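Report on the structure
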Amino acid sequence: MQTITVLAFAATLTTAAAAPAAYYLAAPSEDPLADTLRDYGFVPIRPPSNLMHVGSLYYVDPEVKHFNAICDADPADLEGQVVSSRSWEMQQSLETRGRFATGVKVDLGWLLNGGADKEYVVNVRSSLTDVVLEEIPLGPNWSIFAKMMEKPQCSQVAMQYIHAGGYVCQGQKILKATAEFKLDRDAQSRLETSATAKAEKVKDIVKLAVESQSDQSVVDKEGRLLAGAALEYGVSMNPICLAPPDGRFQRILPRTKLGRMENFVLFNIIEPILPGHDGVDVAQGPRDKERAQQGTGRQTALNR
């Protein structure tokens, strides 16, 4: 009876908070790149890098912002399983909707006619191009996961961090792309009307500014200023992450702030008071926690 009362209270509290939380937490962000990546099912990687890999196991913090590698997949197991392909639809969307600030500023006032604006400082923005997706099917990914969990240094750390308040997930897709640097549209239009603002001169100034104010190298490719190397900008984990041996809900990475709040209520308020949370399943009897920690219960945990 006490459990039913607490559940009813938790449900009432969640319902009461849902409307204002949905309004506040689901409001559009000021990060168009992140929004566009999430629309395609990817979590932004910040800062972009080449450190993440499909098939590898990660601890993801509750805010779904940081990824800590637990175990890397064996390259031999990945051979022949990873599919790479270009995505023209995503590239077009990221080029038009995913412009993001670089933090680089450049003074172009002296290029304008008559030098009227001697301190015309503009922002350099960037968008992603040459988008490439790396993906591994769920079946082979499961086989790789099983092999990793046979290693004590993988399984023990995974089971330790599964109770750390975040998520233990396996990478399934990686989005790689090359950054293209451009001026704000208003600045570009203004410079085009200036007789002294030669296109090549402007490009040289922007290139120097990006390289001197950031850690990016820039190359001029067919009139476009591109980053010298492609980086990983988004990751997508397996649809279902690892669940604790006594967990009663699937662990699925939330895509929004509202989703994070819902998971917090499920995992931290409702789940602990459900019957069988301490390892006794009402329908199946006591769980064998030792077997789950050693990995023989992994498939149940992953596919719960």
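Within each chain, residue numbers correspond to sequence positions counted from 1 in written order. Restriction of local features to residues with pLDDT of at least 70 applies here, the model being predicted, together with a cutoff of 80 or more for giving and counting side-chain atom pairs; totals for whole chains, interfaces and linings are based on all residues. Computation of side-chain values: all heavy atoms of the structure, hydrogens and water removed.

1. Regarding the side chain of Q91
With respect to the helices and strands, Q91 occurs in helix α4 (residues 88–97). Only protein chains enter the accessibility calculation, which uses a 1.4 Å probe. A residue is then buried if its area is under 20% of the maximum for its type, exposed if over 50%, and partly exposed in between. Q91 gets classed as buried once you look at its relative accessible area, which sits at 9%. Here, two residues are considered to be in contact whenever any of their heavy atoms come within 4.5 Å of each other. Here Q91 is in contact with R86, L128, T129, D130 and V131, once residues within four sequence places are set aside. Going along the chain from the N terminus, every DSSP run of H or I of four or more residues is numbered as a helix, and every run of E of two or more is numbered as a strand.

2. Description of the confidence of the model for the chain
Residues of the chain with pLDDT of at least 70 account for 75%, and the chain-wide mean is 80. The element-level mean pLDDT for the chain is lowest in strand β12 (residues 285–286), coming to 36, with strand β2 (residues 57–60) highest at 97. Each residue carries a pLDDT score, the predictor's own confidence in it, on a scale running from 0 to 100. For the stretch residues 279–304, pLDDT sits under 50, and the model shows 47 contacts to residues farther than four places along the chain or on other chains.

3. Comments concerning the state of the cysteines
Cysteine sulfur atoms are paired as a disulfide whenever they fall within 2.5 Å. Under the defined criterion, the tally for this structure stands at two disulfides. Sulfur-sulfur distance for the disulfide between C71 and C154 comes to 1.6 Å. Torsion about the S-S bond of the C71 and C154 cystine: about -50 degrees, corresponding to left-handed handedness. In this pair, C71 is assigned in strand β3 (residues 67–71) and C154 in helix α6 (residues 152–161), connecting sequence segments 83 residues apart. Taken individually, C71 and C154 each receive the classification buried, so the pair is uniform in this respect. Each sulfur of the disulfide joining C169 and C241 lies 2.0 Å from the other. Handedness of the C169-C241 disulfide follows from its S-S torsion of about 100 degrees: it is right-handed. Pair noted here: C169 is in strand β7 (residues 167–183) and C241 is in the loop between β10 (231–237) and α9 (257–270), with a separation of 72 residues, a long-range link.

4. Describing the pattern of salt bridges
The term salt bridge refers to a pairing of a side-chain nitrogen on Lys or Arg with a carboxyl oxygen on Asp or Glu at a separation within 4 Å. All told, the structure shown has twelve salt bridges when counted by the stated rule. A salt bridge links R46 to D31, with the nearest nitrogen and oxygen atoms 2.2 Å apart. With R46 in strand β1 (residues 43–49) and D31 in the loop between α1 (2–25) and α2 (32–39), the pair connects residues that are 15 residues apart, well separated along the chain. Here R38 and D35 are joined by a salt bridge, their closest N and O atoms 4.0 Å apart. One end of the pair, R38, and the other, D35, are both in helix α2, three residues apart, so they sit about a helical turn from each other. Of the residues examined, R38 reaches a relative accessible area of 30% and is grouped as partly exposed. Assessed through its relative accessible area of 26%, D35 is described here as partly exposed. A cluster of three or more residues bridged by salt bridges with shared partners is formed by E95, E180 and R224.

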